[in-house]
Amino acid sequence: MALPRYREYPVAAPQPRVPAGRSRRAAARRRAAERRRRFLLLVVVPVLLMLGSVYLHAVASDLSRQQASLQERIHDVRSEGEELRLRAARLSRPERVVSLAREELGMRTPTGNEMRVYGGSIGEDGIYGEDNRTEEDLR
């Protein structure tokens, strides 16, 4: 029967000799700094990440609500524009304009003798018929 083998553990390197009071204070400072780092990593960073997540969710929610409000406004303005186009078409019908001119303004349709074209140039107002004769040519 063989003897059990014993494991050999590495021995730590010898530490330099420092006076006892200084080494304890330095070790205490190192431990305190390590605790602060650990506290930052385990508590503060996750809390900041959660607060950032909550903030981003609130901003996204607000933007979504604004988008819905703007979409509703666009729909309302488009329907109002369509109503205004229909109203303008109704109000500008020739029959309505003629009746308002007769009733409210006292206008009447001119007869042939009352109509005159002024200006001697050939243009839209000075053209008579297909052959481009002016009023002077007709006299």
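The structure under discussion appears in the preceding block.
Residues numbered from 1 in each chain as written. Predicted model: local features only at pLDDT ≥ 70, side-chain atom pairs only at ≥ 80, totals over all residues. Heavy atoms only, no water.

Caption draft 1: How the structure looks around the overall build of the chain. Each helix and strand counted, the chain has three helices and zero strands in total. Along the chain direction, N to C, the helices and strands of the chain fall in the order α-α-α. Counting only carbon and sulfur atoms, one obtains 57% of the accessible surface of the chain, whose full area is about 13,900 Å². (Helix = DSSP H or I, 4+ residues; strand = E, 2+ residues; numbered from the N terminus. Areas by Shrake-Rupley, 256 points an atom, 1.4 Å probe, with all protein chains shown as cover.)

Caption draft 2: Fine view of the pattern of salt bridges. The full count for this structure, using the stated rule, is five salt bridges. Between Arg-85 and Glu-82 there is a salt bridge, and its shortest N-O distance comes to 3.7 Å. On the criterion of helical spacing, the pair formed by Arg-85 and Glu-82 is a turn pair, its members being three residues apart in helix α1 (residues 20-91). Residue classification places Glu-82 among the partly exposed residues on the basis of a relative accessible area of 41%. Two residues, Glu-95 and Arg-93, come together in a salt bridge whose shortest N-O distance is 3.6 Å. Accessibility expressed as a relative area gives 39% for Arg-93, which makes it partly exposed. It is possible to trace a salt-bridge network through shared partners that takes in Glu-34, Arg-37 and Arg-38. (Salt bridge = Lys/Arg side-chain N within 4 Å of Asp/Glu carboxyl O. Buried < 20%, exposed > 50% of the residue type's maximum accessible area, 1.4 Å probe, protein only.)

Caption draft 3: The arrangement of a nonpolar patch on the surface in detail. Taken together, the side chains of Phe-39, Leu-41, Leu-42, Val-43, Val-45, Val-47, Leu-48, Leu-49, Met-50 and Leu-51 present a nonpolar region at the surface, about 1,000 Å² in accessible area. With respect to the helices and strands, Met-50 occurs in helix α1. Residue classification places Met-50 among the exposed positions, given a relative accessible area of 52%. (Patch = residues over 30% accessible without salt bridge, like charges linked within 9 Å, V, L, I, M, F, W, Y side chains within 5 Å.)

Caption draft 4: Examining a negative patch on the surface more closely. On the surface, Glu-72, Asp-76, Glu-80 and Glu-83 cluster together into a negatively charged patch. Relative to the assigned elements, Glu-83 resides in helix α1. A relative accessible area of 52% places Glu-83 in the exposed class. (Lys, Arg positive; Asp, Glu negative; His and termini not counted. Charge placed at Lys NZ, Arg CZ, Asp CG, Glu CD.)

Caption draft 5: View of a positive patch on the surface. Taken together, Arg-30, Arg-31, Arg-35 and Arg-36 make up a surface patch of like positive charges. Tracing the backbone through its elements, the reader meets Arg-31 in helix α1. Taking the relative accessible area as the measure of exposure, Arg-31 reaches 48% and is therefore partly exposed.

Any link to function would need more than the numbers given here.
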